[in-house]
Amino acid sequence: MDPGRPLSTITVAELVARVEASPARLGAVRLVCIDGPAGSGKTTLAGRLAGALGDVATVVHLEDLYAGWSMTGAVGRLEAGVLRPLAEGRAGAHHRYDWAAERFAPQPTPVPVRPVLLVEGCGSSPRRLDRWTSLRIWVEAPAELRVARGLARDGAELAPQWRRWQTTEAAEFAREDTRMRADLRLDSAAASPAGAFVSLQGTAPGTTAGT
């Protein structure tokens, strides 16, 4: 982007309005999928959006459905346990993966029927979910920053897993054309007014605001 060109931003309130204006496709539920590479700020965005939406929203973290450091089967578990029931007007549930014990918890985590379901995580917006999805949001940041965020959270000893995961997620995003299919593309690293996100609408893959 041209560094002399004013940045396009979107506030949390504007994001809420965008969600509320989107048609419900998962039964009476608006499914919002927040995708992007690990460490890009998806969880933070989901939390802020959920906080602004209040009791009408539920958040599901896709990493709770990964079988460890693998995306395989996660969307299938989401679809079977959460999305299909919600589409039929019933509460859903999933078994949360215990990363310390390296197994899924036996006790199900309930997902109630609410007007908005926020699903955040790498690989949360594949084409197979398009028929149910009201809004797809892509969040990105430079690779170095993402790794630094992740290792600060998870520990430096997980650096090899993080590097392998970057290869895994890149293949997923290429296969699904995730970034370009997104309805909104946001940069979590670019400086923006307080409470706002920098929008990357119209930017080419791999570019960031101000570069």
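Scroll up a little and you will see the structure.
The structure displayed is predicted, hence computed values, not measured ones.

Undergrad: What's the story with the packing of aromatic side chains in this structure? I'm lost.
TA: The description of an aromatic ring pair uses the distance of the two centres, along with the angle that the planes make with each other. Under the criterion given, the structure shown has six aromatic pairs. For the ring pair W69 and W165, a centre distance of 6.1 Å and an interplane angle of 75 degrees mean the geometry is edge-to-face. Pair noted here: W69 is in the loop between β3 (57-61) and α3 (74-87) and W165 is in helix α5 (residues 159-176), with a separation of 96 residues, a long-range link. Looking at W165, the relative accessible area reads 6%, which means it is buried. Here Y97 and F104 contribute two aromatic rings whose centre-to-centre distance is 5.1 Å and whose plane-to-plane angle is 75 degrees, an arrangement assigned as edge-to-face. On the accessibility criterion, F104 (27% relative accessible area) is partly exposed. A connected cluster of aromatic rings, assembled from ring pairs, spans Y66, W69, Y97, W99, F104 and W165. One residue, R131, lies across the ring of W132, its end atom 4.1 Å from the ring centre.

Undergrad: I'm lost on the pattern of salt bridges in this one. Help?
TA: A pair can form between side chains of opposite charge whenever their charged atoms are brought close. Counted by the stated rule, this structure contains 13 salt bridges. Of the charged contacts, one joins R96 and D64 as a salt bridge, the two residues approaching to 3.2 Å between their closest N and O atoms. Here D64 lies in the loop between β3 and α3 and R96 lies in strand β4 (residues 92-98), a separation of 32 residues in the sequence. The exposure class of R96 is partly exposed, given its relative accessible area of 48%. For D64, a relative accessible area of 8% puts it in the buried group. In this structure, the salt-bridge partner of E79 is R84, at a minimum N-O distance of 3.2 Å. Residue class for E79 comes out buried when judged on its relative accessible area of 7%. Among the charged side chains, a salt-bridge network with shared partners connects E79, R84, R128 and R131.

Analysis parameters
Starting afresh in each chain, residues are numbered from 1 along the sequence in its written order. The predicted nature of this model means local features are confined to residues of pLDDT at least 70 and side-chain atom pairs, given and counted, to a pLDDT of 80 or more, with totals for whole chains, interfaces and linings taken over all residues. Remark: hydrogens and water are excluded; side-chain values derive from all non-hydrogen atoms of the structure. Between rings of Phe, Tyr and Trp, where Trp is taken as its six-membered ring, a pair exists when centres lie within 6.5 Å; planes separated by under 30 degrees are stacked, by over 60 edge-to-face, and by other angles tilted. Each helix corresponds to a stretch of at least 4 residues labelled H or I by DSSP, and each strand to a stretch of at least 2 residues labelled E; elements are numbered beginning at the N terminus. Here the term buried applies to any residue with accessible area under 20% of the maximum for its type, exposed to any over 50%, and partly exposed to those in between, with areas from a 1.4 Å probe on protein chains only. Two conditions define a charge located above a ring, namely a distance within 6 Å from the ring centre to NZ of Lys or CZ of Arg, and an angle within 35 degrees of the ring normal. Just to be clear on terms, a salt bridge is a Lys or Arg side-chain nitrogen sitting within 4 Å of an Asp or Glu carboxyl oxygen.

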